[in-house]
Amino acid sequence: MNYFRTALLLAALTGFFLVVGYLLGGQAGLVLALVVALGMNLFAYWNSDKMVLRMSNAQEVGPTEAPELYGIVQGLAQTAGLPMPRVYVIDEDQPNAFATGRDPEHAAVAATTGLLRHLSREEITGVMAHELSHVRHRDTLIMTIAATLSGAIGMLASFGGLMGGGRDENGRPLMNPIAAIAMMILAPLAASLVQMAISRSREYEADRMGAEISGQPLWLASALAKLHAGTHQIPNQVAEANPATAHMYIANPLSAGGLRSLFSTHPPMEERIARLEAMAGQGMAGGAQASPWTTAAPRPASRGSWATAASQTRRGPWG
């Protein structure tokens, strides 16, 4: 159902883009919109991962620089049947993580130093399993296309509103000036809402599949509780400077006051945690196999200034 919904939303976003192009310039505008969309998506397909990692100031690490993180990702990739992705660390105190790359063969996962400091090994395993689920289902490519189309709609709508819209073959305007101004305002908003709906759908699916990869839904549920508290209290300077990357993170890294939940690219954290707890209560219904990570040793409890939201808070192996 999630895949069908994602395909339907992407189709709606594409159709919306073409309509804006047609209203901007008739049939010529429609063709222009197609060319622009194709060019932007081709560029994003080949370069989006490099751009996101560069904007995030991410540093690639290996088994020497971050042996435990690298080992977790390596083990999960083997369990999921995926090629080993590149591993990056971002020097940000806010606990968070994301995945990028056009396909599993060119994937990368990135974790902030805050995630490695504040979460336990088990919770980090849950987060990395979530990110590898995005890699397996090529969600990073889907979201890149959605973000590109959404941005292009905003660009075309603004240009069309300023120009008053296009004209048909008889020289008549395709829309009156008031409608053109309304399109300039409403089209980008509608496109952003569709993009958010796609992102939320993919997050739910990544939570589910990530829990199956690790075999432990409660590890991810506990991690999400900590991330929810941490992202509200610790700013992410890199993400604030580049808000276009916010939808890629496992938890919304931006501060948005009272509008945070309304315009968030992420589903409500409480709902995500509840779904994971329900999975655990159902005994991993869906055929998931026993996890190879269940032998991980428990760690002593340790609570930070924001970590009290987690029901079982344990400090991670990186400090």
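Structure: above.
Just so we're clear, the structure is a prediction, and the values are computed from it rather than from any experiment. (Residues numbered from 1 in each chain as written. Predicted model: local features only at pLDDT ≥ 70, side-chain atom pairs only at ≥ 80, totals over all residues. Heavy atoms only, no water.)

Along the protein chain, the regular secondary structure elements total nine helices and four strands. For the protein chain, the α and β elements follow one another from N to C terminus as α-β-α-β-β-β-α-α-α-α-α-α-α. A burial count over the protein chain gives 52% of its 319 residues as buried. In the protein chain, once contacts between residues fewer than 6 apart in sequence are set aside, the share between residues at least 24 apart is 71%. For the protein chain, the accessible area works out to roughly 14300 Å², and carbon and sulfur atoms hold 62% of it. (Helix = DSSP H or I, 4+ residues; strand = E, 2+ residues; numbered from the N terminus. Buried < 20%, exposed > 50% of the residue type's maximum accessible area, 1.4 Å probe, protein only. Contact = heavy atoms within 4.5 Å. Areas by Shrake-Rupley, 256 points an atom, 1.4 Å probe, with all protein chains shown as cover.)

If you look at the biggest cluster of nonpolar residues, it comprises 41 residues, and the most contacted ones within it are Leu 69, Leu 115, Val 127, Met 128 and Leu 224. At seven residues, the largest contribution of residues to this core is made by helix H2 (residues 67-80). (Core = buried A, V, L, I, M, F, W, Y, C linked by side-chain atoms within 4.5 Å.)

A surface patch of nonpolar side chains, amounting to about 370 Å² of accessible area, comprises Ile 185, Leu 186, Leu 189 and Leu 193. Among the structural elements, Ile 185 can be located in helix H6 (residues 177-214). Taking the relative accessible area as the measure of exposure, Ile 185 reaches 55% and is therefore exposed. (Patch = residues over 30% accessible without salt bridge, like charges linked within 9 Å, V, L, I, M, F, W, Y side chains within 5 Å. Salt bridge = Lys/Arg side-chain N within 4 Å of Asp/Glu carboxyl O.)

All right, on to the environment of Glu 240 then. Secondary-structure assignment places Glu 240 in helix H8 (residues 237-241). Placed 14 residues apart in sequence, Glu 240 and Leu 254 show a C-alpha to C-alpha distance of 6.0 Å. Residues in contact with Glu 240, not counting those within four places in the same chain, are Pro 253, Leu 254 and Ser 255.

Here we have four strands laid out as an open sheet, ordered S1-S2-S4-S3, and mixed in their pairing. Where the open sheet ends on each side, the last strands, each with one partner, are strand S1 (59-61) and strand S3 (97-100). Ignoring strand direction, the axes of neighbouring strands in this sheet form an average angle of 30 degrees. The pairing of S1 with strand S2 (residues 86-90) spans three bridges and is classified as antiparallel. By the bridge assignment, Val 61 is partnered in S2 with Val 87. Across the sheet, helix H4 (residues 121-136) is in contact with S3 and strand S4 (108-112); its angle to S3 comes to roughly 25 degrees. (Pairing = 2+ DSSP bridges. Axes fitted to C-alpha atoms, helices over the stretch in contact; angles between N-to-C directions.)

So, about the packing of aromatic side chains. Applying the stated rule across the entire model yields one aromatic pair. One Lys or Arg, Arg 275, reaches over the ring of Tyr 204 and ends 3.6 Å from the middle of that ring. (Phe/Tyr/Trp six-rings, centres within 6.5 Å; stacked < 30°, edge-to-face > 60°. Lys NZ or Arg CZ within 6 Å of the ring centre and 35° of its normal.)

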